[in-house]
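The chain contents come next:
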Amino acid sequence: MNRPIHVLVAEDQSAVRAGLVLILRSAPDIDVVGEAADGEQAVELAREIRPDVVLMDVQMPRLDGVSATRQIVAEGVADVLVLTTFDLDEYVFGALRAGAAGFLLKNTEARDLLEAVRTVARGEGIVAPAVTRRLIAEFAAGPARRTKADPAVLEGLTRREREVLSCVGQGLANAEIAERLQMAEGTVKTHVSRLLAKLELRSRVQAAVLAQELGI
C-alpha cells in the first residue's frame, strides 16, 4: 500500500480514544482519518470516509460495537478490528459472527496494535496471539456456536484450498502458510480470498472457526 493506511477510531471514552489516536499517529504508515464516540457515528463515518480499517470498541452508546461492525462489514465499507477489555465473552463472539477481521485486548502493547492494523489492512485477520487457538476452539465448541457445520460445504474447494483452510484454522499467517505449503505468499492470499468467497464467509477468522468445527 503506497499511501498511508486510513483508520477510523471508534471508542466512547475520550481519554482512551485520544490514547489510541496518539499511538496510531506515531506510525508514518498509518493515518487516522476519523474519530467516532458511538456506534451510530462509527457507521456514518465509515460510510462517508471508507477507511481501510475501523478500530472498534465493543461497548458503546446508541449502537454497540457488534451491531456497528455487522453493518460496516455487510456494506463492505471497511475491515473492522475490535478492541475489548474482555478476552472471551459474548461481545467477542458476536463481533466474530458479525464479520470482524479480528480482535485485540485493550491492554495490547502499542507496537502490537500498530502491527494488527497493518495486518488487517493487508487483508489478513488477526486475533490477540495469547487467545487465538483458545478463542477459535471455544467459539467452535461453546454455546455461542452456530449450527454445526456440514462437511459438504468443502466440496467446492480444491485440494490446495482445503490445505490453506486447515492452516488458517491453526491460526497461521499467510507467510507461515506459504512456508508450510511451499508456495508464494501472494498465492496464499489468492487461495484465502477464493475459499472465503466459495464458503460465503466474511472474514478469515470465520474461516478458522469453520476449519475447527470440521476438524480439518
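This text goes with the structure placed above it.
Residues numbered from 1 in each chain as written. Predicted model: local features only at pLDDT ≥ 70, side-chain atom pairs only at ≥ 80, totals over all residues. Heavy atoms only, no water.

Before going further, it helps to spend a moment on the overall build of the chain. Of regular secondary structure, the chain possesses 10 helices and six strands. Residues classed as buried in the chain amount to 52% of the 216 residues present. Considering only intrachain contacts with a sequence separation of at least 6, the fraction spanning at least 24 residues in the chain is 66%. Total accessible area on the chain stands at roughly 10200 Å², and carbon and sulfur atoms take up 48% of it. (Helix = DSSP H or I, 4+ residues; strand = E, 2+ residues; numbered from the N terminus. Buried < 20%, exposed > 50% of the residue type's maximum accessible area, 1.4 Å probe, protein only. Contact = heavy atoms within 4.5 Å. Areas by Shrake-Rupley, 256 points an atom, 1.4 Å probe, with all protein chains shown as cover.)

With that settled, consider the nonpolar core. Note that soluble globular proteins tend to have their nonpolar side chains buried in a common cluster. Residues A10, A46, V54, M56, I72, V80 and V82 are the most contacted members of the largest nonpolar core, which totals 28 residues. Not counting residues within four places of it along the chain, the set of residues in contact with V82 comprises M56, V58, T69, A95, A100, G102, F103 and L104. Counting 22 residues, the second-largest nonpolar core is a separate cluster that includes A178, V192, L210 and A211. (Core = buried A, V, L, I, M, F, W, Y, C linked by side-chain atoms within 4.5 Å.)

Let us now look at the pairing of strand β1 (residues 5–10). Among the six residues that make up β1, five are buried, leaving the element largely enclosed by the rest of the structure. Pairing of β1 with strand β2 (residues 30–36) involves six bridges; the strand directions are parallel. In the sheet register, V7 faces β2, and the bridge partner there is V32. Following the backbone out of β1, through helix α1 (residues 14–25) and into the adjacent parallel β2, one traces a crossover that is right-handed. Judged from the four bridges that link them, β1 and strand β3 (residues 53–57) form a sheet pairing that is parallel. Bridge pairing links V9 to L55 in β3. (Pairing = 2+ DSSP bridges. Right-handed = clockwise from strand over helix to strand, strands pointing away.)

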